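Spelled out from the first residue to the last, the chains are:
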Amino acid sequence: MKFQGCEQKNIHFCRQSRSLLMKYALFTCDTEFTPPWNIGTWRERDPWTFEVGIKEITSLLAKFGIRGTFFCEGTVAERYPSVVAEMAKDHLIGCHGYNHENYGGRPVHVWSESKPVFIEDKNEKRQLLIKAKKAIRKAIGKDPEVFVAPFDSIDITLLKILEELEFKVDCSYYNYSHGLPTLFFMPEGVNILELPLTVIYCNEMKYKNVIEAFTYDR
Ligand SMILES: [Zn+2]
C-alpha cells in the first residue's frame, strides 16, 4: 500500500489523512501484565490485568458498542490464551512484543525503579517477535498484523523486522502534539502503514500518581 503525500524530513505524510481523522477515532489498549512501577524488574509482573482489568474494560466497550485493538504481549497469549481468544471475538488482537522488551534503538528512561530489558541484537529482536507472533497465533488462530512497540521505542531497524514478519500496521510513533489528532503516514523505506498514537501531555509526577492509583487503589 502506498500513499501520495508531501515529504517532511524522512516521513511521507498522507494528504488525505486529515479529512479521515475528522471522521474516525481508533481505540487501542496495550494488553500486558501490570508493570512493577515500584519493584526492580519487568520480569516480575502482576497478573491483575487478566484477572480483573480486561473484563472491566471489555464490558465497558461492549456497553457502548465500541470495538478496538488490543495489543497483547506474547507472554500474555501464552499464559491467558482463553482470555485473548475471548477478546478476539469482538476486537482486533495486535502484538506488543514478547515480554515488554525495549526493541528500539535507544535505552528507555522510565520514571520507576524498574529496568526495561533493552534488546540490541537484531536477530534477538526478530526471534522474540517471532515467538510473540506464534503465541498469539496459537491463542486466536491467526497472525497479528498490527504492532505497537513497548515503551513506544521504535526505529527503522525494528520497522524492517516488522515488515519481514508481515506486519501491516505499526502504531509506535506517538505524536508530540499533545492531544491534537494524529495523521497516518508511510515511513520511508518500509511498506508499513504508521498510525501514530495520539497522546495527551501530563507531567511526570501527575502521570506517576495516576499509575499508582490504578495499580494500588483497587
Ligand atoms: Zn506496554
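Refer to the structure presented above.
Computed from a predicted structure; not experimentally measured. In this numbering scheme, every chain counts its residues from 1 along its sequence in written order. With pLDDT at 70 or above as the cut-off, local features in this predicted model cover only qualifying residues; side-chain atom pairs require 80 or more to be listed or tallied, and sums for whole chains, interfaces and linings still use all residues.

### Observations concerning the packing of helix H5 (residues 122-140) against helix H6 (residues 156-164)
Two numbers describe a pair of packed helices, the interaxial angle and the distance between the axes. Only the contacting stretch of a helix is used when fitting its axis, a line to C-alpha atoms as for every element, and angles between N-to-C directions run 0 to 180 degrees. The helix and strand labels rest on DSSP assignments: H or I over at least four residues marks a helix, E over at least two residues marks a strand, and numbering proceeds from the N terminus. For the pair H5 and H6, the least separation of the axes is 10 Å and the interaxial angle reads 45°. With respect to each other, H5 and H6 are oriented oblique. For the pair H5 and H6, the crossing hand works out as right-handed. Contacts between H5 and H6 involve Lys122, Lys125, Arg126 and Leu129 on the former and, on the latter, Thr157, Leu158 and Ile161. Considering only residue class, the contact of H5 with H6 consists of three nonpolar, one polar and three charged. Convention used here: angles under 35 degrees read as roughly parallel, angles over 145 as roughly antiparallel, angles from 65 to 115 as roughly perpendicular, and any remaining angle as oblique. The handedness criterion is simple: a crossing whose near helix is rotated anticlockwise from the far helix by less than a right angle is left-handed, and one whose near helix is rotated clockwise is right-handed. Throughout, a residue-residue contact means that the two C-beta atoms, derived from backbone geometry, are no farther apart than 7 Å. Classification used: nonpolar for Ala, Val, Leu, Ile, Met, Phe, Trp, Tyr, Cys and Pro, charged for Asp, Glu, Lys and Arg, polar for all others including Gly.

### What about unusual backbone geometry?
In this structure, Phe151 is a non-glycine residue whose phi angle is positive, near 65°. Tracing the chain through its elements places Phe151 in the loop between strand S6 (146-147) and H6. A residue is called partly exposed when the number of other C-beta atoms within 10 Å of its own lies between 12 and 20, exposed at 12 or fewer, and buried at 20 or more, with C-beta atoms placed from the backbone. Classification of Phe151 by C-beta neighbours within 10 Å gives partly exposed; the count is 19. If you check the backbone angles, Asp152 has positive phi at about 55° while not being a glycine.

### Topic: H6
Residues of H6 that are buried include every one of Leu158, Leu159, Ile161 and Leu162, and no others. Projected onto a plane normal to the axis of H6, the buried residues spread over an arc of 160° and lie on a single side. On its buried side, H6 packs onto H5, S6, strand S7 (169-170) and strand S8 (185-187). Glu166 sits one or two positions beyond H6 and adopts a positive phi of about 70°. The arc in question is traced by the directions running from the helix axis to the C-beta atoms.

In short, geometric facts, not functional conclusions.
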